[in-house]
Amino acid sequence: MLRMVPLPRFAGEDLQRMLALYIRDLRLGVRAGGGALVGVLFFLVVITVAPFAIGPDMNLLSRIGPAMLWIGALLASLLGLDRLFQADREDGSLDLLIIGSSRHMMALVVFVKCLAHWTTSVLPLVVAAPLLALFMNMTFDSALGTALTLLAGTPAITFIGAAGAAVAVSLPRGGLLVTVLVLPLVIPVLIFGVSAAYAVTAEPDPFLPPFLMLCALTLFFAVIGPFAAGYALKHATD
Amino acid sequence: MRLVVENLAGDRGGEPVFDRVSFALSDGECLVVTGENGSGKSTLLRIVAGLLPASGGSVRLDGGGEEWPDVMSACHYLGDRNAMKPALTVAENLSFRQEFLGRPFLSAEEALEEVALPSVASLPFGYLSTGQRRRVAIAGLLVSFRPVWLLDEPTAGLDLGSERRFSALMRAHLEEGGIIVAATHVPLGIEGAKELVMGGDGRE
């Protein structure tokens, strides 16, 4: 009875599996201990403290606003990354993910986990950015522009971070190591993100070239990151 | 279908733990792996599952066809950790396992009935006791079909009644033509099971 007909192999089945993984990680992210809000709180702390440190120079604040938002969002999105695979490894779920991925690529599993992580931990940062822009005395255009560049650029940070998290998966306190590992790779994202965000208000600067570079970086790392992470995870099991 | 292991050697952190392990299991056969602590039972299971690289020899699955091309695609691996998320409910854990692995067999409720835990479906997995967690992990073997079960100390933490129920589940799996490799210290109550003693010279 068990061995009836071989199941038809079609793409829809894989999509269903990946959707199940996405929903599971989404649930884990928003439930107690998921740490989705930690990033937003950290972001809030960084941006509220900045005006006190810099002083009441409104022009200065609005000039450095986009850069401050980007730095805050960058650090906040790196915050929970080290747990991306470590939590799965500790309770044995990583074995399940690897065994389940024998029918498709491990990179696909990593990609879906990155998407879920981005949705629960990083998307709130993008949403909070225009509100926090008020603290930096930024104009409406500048705030929205910065949020737009964050929307386009932060997935790249998650994908790069996934590769770092996979390499450091078996290290008990790998959090800082992950940050140090991925920092050189996220610098280009930061550079193009900030220059696109500035271009929204600084009139002669073109917006489109740095913004398209940012999108290209995200697409590039969306492929490279999961492949590297998948490879590292398959060889890091013990 | 035939699970063939030939001259397998494994190491842990560069230190060889066993070598020249060979066995072959056909449909409906069970292998019980025994041996003292540190003799490499868990390492053997992880290598057979494909989760660890072998330092020598080969593992292959013959006659699995297109659907089960290798051991990893055809196996359930029940390790020392239960592979369940403490923050999710038991039902969510089981239905994720079913959807992610594909080939649904029993529903989550039916699988929980089989391990006599129908009432915990809506509880977070983290709230359960050690024995209950193990029983839920065993229910995870039933939610989707895999012909090969690789079990590492499957009865750890189980009470006597649960052990008997689990033996019955294993026997049912073998009768359906499944293959089981179990590493354990306690008798599993399966007649005609082959035995492999680790730590010796790896004979069958």
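Numbering of residues starts from 1 in each chain and follows the order in which that chain's sequence is written. Whichever chain is written first is A, and whichever ligand is written first is 1; the rest continue in order. Since the coordinates come from a predicted model, pLDDT governs what is reported: local features require at least 70, and pairs of side-chain atoms require 80 or more to be given and counted, while whole-chain, interface and lining totals use all residues. Side-chain descriptors were evaluated using all non-hydrogen atoms of the structure, hydrogens and water having been removed beforehand.

Asker: What should I look at first to understand a nonpolar patch on the surface in this one?
Answerer: Only residues above 30% relative accessible area that lack a salt bridge enter a patch, with like-charged residues linked at up to 9 Å and the nonpolar side chains Val, Leu, Ile, Met, Phe, Trp and Tyr linked at up to 5 Å. Note on areas: Shrake-Rupley, 1.4 Å probe, and residue coverage restricted to the protein chains presented here. Salt bridge criterion: a side-chain nitrogen from Lys or Arg within 4 Å of a carboxyl oxygen from Asp or Glu. Taken together, the side chains of A:Met105, A:Phe220, A:Val223, A:Ile224 and A:Phe227 make up a nonpolar region of the molecular surface, amounting to roughly 490 Å² of accessible area. Locating A:Ile224 in the fold gives a position in helix H9 (residues 208–234). Each helix is a run of H or I in the DSSP string that is no shorter than four residues. Each strand is a run of E no shorter than two, and both are numbered from the N terminus.

Asker: Looking at this structure, I do not really get the sheet that holds strand E2 (residues 15–26) of chain B. What am I missing?
Answerer: The strands that make up a sheet are held in pairs by hydrogen bonds between backbone atoms, and each pair lies either parallel or antiparallel. Residue and element names in this part refer to chain B. The criterion for strand pairing is that DSSP finds at least two bridges linking the strands in question. Spatially, 3 strands are ordered E2-E1-E4 in an open sheet, and the strand pairing comes out antiparallel. Of all the strands in the sheet, the pair left with one neighbour each is E2 and strand E4 (56–62). The average angle at which neighbouring strand axes cross in this sheet is 20°, direction not considered. Note: strand E1 (residues 2–12) against E4, 6 bridges, orientation antiparallel. Bridging from a neighbouring strand, Val-5 pairs with Val-59 of E4. Residue contacts are counted whenever heavy atoms from the two residues lie within 4.5 Å of one another. Orientation is described by lines fitted to C-alpha atoms, with helices fitted over the stretch in contact, and by angles between N-to-C directions that extend from 0 to 180 degrees. On top of the sheet, helix H1 (residues 41–49) reaches E1, E2 and E4; it is set at about 125° to E1, its chief contact.

Asker: Looking at this model, I keep getting lost on the interface of chain A and chain B. Mind explaining?
Answerer: Interface extent is often summarised as the accessible area lost during association of the parts. Contact with chain A, which involves 32 residues of that partner, is made by 36 residues of chain B. In total, about 3300 Å² of surface goes out of reach between chain A and chain B, with carbon and sulfur atoms giving 59% of it. Between chain A and chain B we count 5 salt bridges in total. Ionic pairing is found between B:Lys85 and A:Asp88, a salt bridge with its closest N-O pair at 2.6 Å. Only helix H1 (11–30), helix H4 (83–90) and helix H5 (93–100) of chain A provide two or more residues apiece to the side of chain A that touches chain B. Defined here as a combined quantity, buried area equals the accessible surface (1.4 Å probe) lost by two parts on assembly, summed across both.

Asker: I tried to follow the packing of aromatic side chains on my own but got confused; where do I start?
Answerer: Given two aromatic rings, one states the distance between the centres and the angle between the planes to describe the pair. Here is the rule: rings of Phe, Tyr and Trp (six-membered ring for Trp) pair when centre to centre is within 6.5 Å. Planes less than 30 degrees apart are stacked, more than 60 are edge-to-face, and the remainder are tilted. Scanning the entire structure with this criterion turns up 6 aromatic pairs over all chains. Judged by centre distance (5.5 Å) and plane angle (0°), the ring pair of A:Phe111 and A:Phe159 falls under stacked. On the criterion of sequence distance, the pair formed by A:Phe111 in helix H6 (residues 106–132) and A:Phe159 in helix H7 (residues 140–167) is long-range, its members being 48 residues apart. Any residue under 20% of the maximum accessible area for its type is buried, any over 50% is exposed, and the rest in between are partly exposed; the area is computed with a 1.4 Å probe on protein chains only. On the basis of relative accessibility, which here comes to 28%, the residue A:Phe111 falls in the partly exposed class. Positioned over the ring face of B:Phe96 is A:Arg24, at 4.8 Å from the centre of the ring. Our definition puts a charge over a ring when NZ of Lys or CZ of Arg is within 6 Å of the ring centre and also within 35 degrees of the ring normal.

Asker: What should I look at first to understand empty space enclosed by the protein in this one?
Answerer: Definitions used throughout: a 1 Å grid over protein atoms alone; a cavity as a set of points that fits a 1.4 Å probe which cannot get out; a pocket as an open set with protein on both sides within 12 Å along at least five of seven lines; a lining residue as one with an atom within 4 Å of a point. Grid points are joined across faces, edges and corners, and a volume is the space filled by probe spheres set on the points. The full count for this structure, using the stated rule, is 5 cavities of 30 Å³ or more. By volume, the largest cavity amounts to about 90 Å³. Lining the largest cavity we find 13 residues, and of these A:Asp95, A:Leu96, A:Ile99, B:Tyr77 and B:Arg97 sit closest to its centre. Among the elements of the structure, H5 of chain A together with strand E5 (75–78) and helix H3 (90–101) of chain B are those that each provide at least two residues to the lining of the largest cavity. Taken together, the residues of the lining of the largest cavity sort by class into 6 nonpolar, 3 polar and 4 charged. When residues are grouped by polarity, Ala, Val, Leu, Ile, Met, Phe, Trp, Tyr, Cys and Pro land in nonpolar, Asp, Glu, Lys and Arg in charged, and all others, Gly among them, in polar.

Asker: Explanation requested: the environment of A:Arg83 in the structure shown.
Answerer: Residues and elements named next belong to chain A. Positionally, Arg-83 belongs in helix H4. Since its relative accessible area comes to 38%, Arg-83 is described here as partly exposed. Linking Arg-83 and Leu-151, residues 68 residues apart in sequence, is a C-alpha distance of 22 Å. In terms of polar contacts, Arg-83 uses its side chain to reach the side chain of Gln-86, at 3.3 Å. Identification of polar contacts relies on pairs of N or O atoms within 3.5 Å, with a donor-acceptor requirement for protein atoms, meaning one able to donate a hydrogen and the other able to accept it, and with residues adjacent in sequence counted only if both atoms are side-chain atoms.

Asker: Where do I start with the confidence of the model for chain A in this structure?
Answerer: Mean pLDDT for chain A: 87, with 92% of residues reaching 70 or above. As a per-residue measure, pLDDT reflects the predictor's confidence and takes values from 0 up to 100. Contacts from residues 1–8 of chain A, a stretch scored under 50 in pLDDT, to residues over four places away or in other chains number 17 contacts.

Asker: Please explain the packing of helix H3 (residues 58–79) of chain A against helix H8 (residues 175–199) of chain A as it appears in this structure.
Answerer: Each packed pair of helices is defined by two parameters, the angle between the axes and the distance between the axes. All names here are of chain A. Where H3 contacts H8, the axes come no closer than 10 Å and their chain directions differ by 150°. Of the possible angle classes, the one that applies to H3 and H8 is roughly antiparallel. In terms of crossing hand, the pair formed by H3 and H8 is right-handed. Contacts between H3 and H8 involve Arg-63, Ile-64, Pro-66, Ala-67, Trp-70, Ile-71, Leu-74 and Leu-78 from the first element and Thr-179, Val-182, Leu-183, Val-186, Val-189, Leu-190, Gly-193, Val-194, Ala-197 and Tyr-198 from the second. Reported orientations rely on four angle classes, namely roughly parallel under 35 degrees, roughly antiparallel over 145, roughly perpendicular from 65 to 115, and oblique for the rest. Note on convention: the crossing is left-handed when the near helix lies turned anticlockwise from the far helix by less than a right angle, right-handed when the turn is clockwise.

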